[in-house]
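Observations on the model geometry
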Amino acid sequence: MAGRARQQTENAAQEDVAEAAGKRRRKVSRNPQRTHAAILDAATEEFAAHGFGGARVDAIAARAQTNKRMLYLYFGDKEGLYLAVLEATYATIRNAEKQLNLAHRHPEDGMRELALFTWQHFLAHPEFLSLLATENLHQAHYLRRSEKVSVMHSHLIDELSDVLRRGEALGIFRPAVDPISVYLTIAALGFFYLSNRHTLSTIFARKLTAPDALNAWGEHIVAVTLASIRA
């Protein structure tokens, strides 16, 4: 009798848990925007952790507290979801860059702000670097399908071009500096450091992930970037 009572109690507890989970899923599904965002966040974590090939749709649905049907409804399939993650990740950094208001800053201050912002964004969003590494392994196969990403980048290049032109007019920067080369310099210095921080820390017996080391490297990125474009 005692065993039967215990089993009934356990069954009731499991039913309560299942009911609560069902309520959470129904609550999420009644809010399309929230469901969309939850799936996108969950997919970002899954793709960043496991790459495109290793990511599982079931795991993404579980993270988002929804089901695969909702995922397919919003994003079509796994490839569509992966592309949406890439676009959202780029949109995050591009929208944040707009807040720098480079057009109203002194050219040197603008370049410094952009360099430090890029470095700090890389630090705060390791998933961005993971997704970039994954997509480069695929030779940008999925990113080439996007009609949004190139438009996002055009604003950045326009603002950077304006900073360089104003710096040239003031005699601060060299003439005809290529804005894309400048951005590649900034991004490369940050990306290489973080992508190889563990091996480099081991090789040189220096903790490159220490706060002081990270701050110092941010200043180094600024110094190298400005030195490369000064008149």
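A brief structural summary. Everything numeric in this text was worked out from a predicted model, so none of it was measured. (Residues numbered from 1 in each chain as written. Predicted model: local features only at pLDDT ≥ 70, side-chain atom pairs only at ≥ 80, totals over all residues. Heavy atoms only, no water.)

**Remarks on helix α6 (residues 107-124)**
An ideal rise of 1.5 Å per residue puts 26 Å on 18 residues; α6 measures up with 25 Å between its terminal C-alpha atoms. Buried within α6 we find P107, G110, M111, L114, A115, L116, F117, T118, W119, H121 and F122. Buried-residue contacts for α6 involve α5 (78-98), α7 (126-137), α8 (149-169), α9 (179-195) and α11 (211-229). (Helix = DSSP H or I, 4+ residues; strand = E, 2+ residues; numbered from the N terminus. Expected span 1.5 Å × (residues − 1). Buried < 20%, exposed > 50% of the residue type's maximum accessible area, 1.4 Å probe, protein only. Contact = heavy atoms within 4.5 Å.)

**Overview of empty space enclosed by the protein**
Evaluation of the coordinates by the stated rule reveals one cavity of 30 Å³ or more. By volume, the largest cavity is sized at about 30 Å³. Class assignment of the residues belonging to the lining of the largest cavity gives a composition of two nonpolar, one polar and three charged. (1 Å grid on protein atoms, 1.4 Å probe; cavity = no way out; pocket = protein on both sides within 12 Å on 5 of 7 lines; lining within 4 Å. Points joined across faces, edges and corners; volume = space filled by probe spheres on them. Nonpolar A, V, L, I, M, F, W, Y, C, P; charged D, E, K, R; others polar.)

**Observations regarding the packing of aromatic side chains**
Two aromatic rings are characterised by how far apart their centres lie and by the angle between their planes. Scanning the entire structure with this criterion turns up ten aromatic pairs. Ring centres of Y82 and Y142 lie 5.2 Å apart, and the angle between their planes is 85°; on these two criteria the pair is classed as edge-to-face. Remark: Y142 occurs in the loop between α7 and α8 and Y82 occurs in helix α5; sequence separation between them is 60 residues. Among the residues examined, Y82 registers a relative accessible area of 0% and is labelled buried. Since its relative accessible area comes to 7%, Y142 is described here as buried. Ring centres of Y90 and F128 lie 5.6 Å apart, and the angle between their planes is 90°; this geometry places the pair in the edge-to-face category. Taken together, the residues span a long stretch of sequence, with Y90 in helix α5 and F128 in helix α7 at a distance of 38 residues. Assigned by exposure class, Y90 and F128 land together as buried. Here the aromatic cluster, defined as three or more aromatic residues joined through ring pairs, consists of F47, F52, Y82 and Y142. Of note, K78 hangs over the ring of F52, and the distance from its end group to the ring centre comes to 4.7 Å. (Phe/Tyr/Trp six-rings, centres within 6.5 Å; stacked < 30°, edge-to-face > 60°. Lys NZ or Arg CZ within 6 Å of the ring centre and 35° of its normal.)

**Regarding the environment of E135**
For E135, the position within the fold is in helix α7. When sequence neighbours within four positions are dropped, the list of residues in contact with E135 reads Y82, L86, A140, H141, Y142 and L143. There is a polar contact of 2.8 Å between the side chain of E135 and the side chain of Y82. (Polar contact = N/O pair within 3.5 Å; in protein donor to acceptor, adjacent residues only side chain to side chain.)

**Things to note about the layout of surface pockets**
For the largest pocket, the calculated volume is near 530 Å³. Lining the largest pocket are 20 residues, and of these Y90, L132, H153, Y183 and L184 lie nearest its centre. Considering every element that reaches the lining of the largest pocket, the biggest residue donor is α9, with six residues. When grouped by side-chain class, the residues that make up the lining of the largest pocket number 15 nonpolar, three polar and two charged.

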